[in-house]
Amino acid sequence: MKARNRTSSRTAALALGAFAFAAALTASAAMPQCDHCLAGYYACRANSPDPQPCLEEMWACEMANGCPISLPPDA
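Rules behind the numbers
- Residues numbered from 1 in each chain as written.
- Predicted model: local features only at pLDDT ≥ 70, side-chain atom pairs only at ≥ 80, totals over all residues.
- Heavy atoms only, no water.
- Helix = DSSP H or I, 4+ residues; strand = E, 2+ residues; numbered from the N terminus.
- Buried < 20%, exposed > 50% of the residue type's maximum accessible area, 1.4 Å probe, protein only.
- Contact = heavy atoms within 4.5 Å.
- Disulfide = S-S within 2.5 Å.
- Phe/Tyr/Trp six-rings, centres within 6.5 Å; stacked < 30°, edge-to-face > 60°.
- Lys, Arg positive; Asp, Glu negative; His and termini not counted.
- Salt bridge = Lys/Arg side-chain N within 4 Å of Asp/Glu carboxyl O.
- Expected span 1.5 Å × (residues − 1).
- Arc of directions from axis to C-beta.

Trainee: Sorry if this is basic, but what is going on with the overall build of the protein chain here?
Mentor: From N to C terminus, the protein chain includes three helices and zero strands. Scanning the protein chain from its N terminus toward the C terminus, one meets helices and strands in the order α-α-α. The buried share among the 75 residues of the protein chain stands at 15%. The contacts in the protein chain between residues at least 6 apart in sequence include a share of 44% that link residues at least 24 apart.

Trainee: Before we go on, may I ask you to explain the state of the cysteines in this structure?
Mentor: One way to say it: the disulfide is the covalent bond shared by the sulfur atoms of two cysteines. Applying the stated criterion across every chain, the model contains three disulfides. At a sulfur-sulfur separation of 2.1 Å, the disulfide partner of Cys-37 is Cys-61. Between Cys-37 and Cys-61, the disulfide has an S-S torsion of -75 degrees and is therefore left-handed. With Cys-37 in helix α2 (residues 35-47) and Cys-61 in helix α3 (residues 51-64), this residue pair connects regions lying 24 residues apart in the sequence.

Trainee: Can you walk me through the packing of aromatic side chains in this structure?
Mentor: Each aromatic ring pair is summarised here by two numbers: the centre-to-centre distance and the angle between the ring planes. Following the criterion strictly, the structure yields one aromatic pair and no others. Ring geometry for Tyr-41 versus Tyr-42: centroids 5.4 Å apart, planes at 65 degrees, classification edge-to-face.

Trainee: Looking at this structure, I do not really get the side chain of Glu-62. What am I missing?
Mentor: Considering the arrangement of structural elements, one finds Glu-62 in helix α3. There is no salt bridge for the buried Glu-62, and the closest opposite charge comes from Arg-45, which lies 14 Å off by N-O distance. Discounting residues that sit within four places of it in the chain, Glu-62 has contacts with Cys-37, Cys-67, Pro-68, Ile-69 and Ser-70.

Trainee: What am I meant to see in α2 here?
Mentor: In an α-helix, one full turn covers 3.6 residues, which means residues spaced three or four apart are oriented alike. Helix length check: α2 (13 residues) gives 19 Å between terminal C-alpha atoms against 18 Å at 1.5 Å per residue, within 8%. Those residues of α2 lying buried are Cys-37, Tyr-41 and Cys-44. Looking straight down α2, one finds that the buried residues subtend no more than 65 degrees of arc, so they occupy a single side. Seen from the open side of α2, the exposed residues pointing more than 90 degrees away from its buried face are Asp-35, Ala-46 and Asn-47. Contacts from the buried residues of α2 go to α3.

Trainee: Any chance you could explain the environment of Leu-55 here in plain terms?
Mentor: Looking at the secondary structure, you find Leu-55 in helix α3. Taking relative accessible area as the criterion, Leu-55 reaches 9% and is therefore assigned buried. Sequence-wise, Leu-55 and Tyr-41 are 14 residues apart; in three dimensions their C-alpha atoms are separated by 6.7 Å. Sequence-distant contacts of Leu-55, that is, excluding residues within four places in its chain, are made with Tyr-41, Leu-71 and Pro-72.

Below, the structure written as structure tokens:
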């Protein structure tokens with residue numbers, strides 16, 4: 001009976017480890033979504049004559065989402 005419990009525990013531990021590995025792999029493979037930062041920049045520019053606050057807002061959005069810092073095409 002003890003051998004059966006050890007086998008069951010090992011199987012459960014192996015399954016838990018495989019699940020944790022798969023979850024970590026999935027989380028690290030997610031690509032950052034950066035398109036909404038540029039859309040926010042264009043919305044800001046439509047309502048503001050000064051581009052500097054809009055650029056700073058876009059850069060803050062990019063940093064918060066793990067995106068590379070960029071310049072919009074019209075800057």
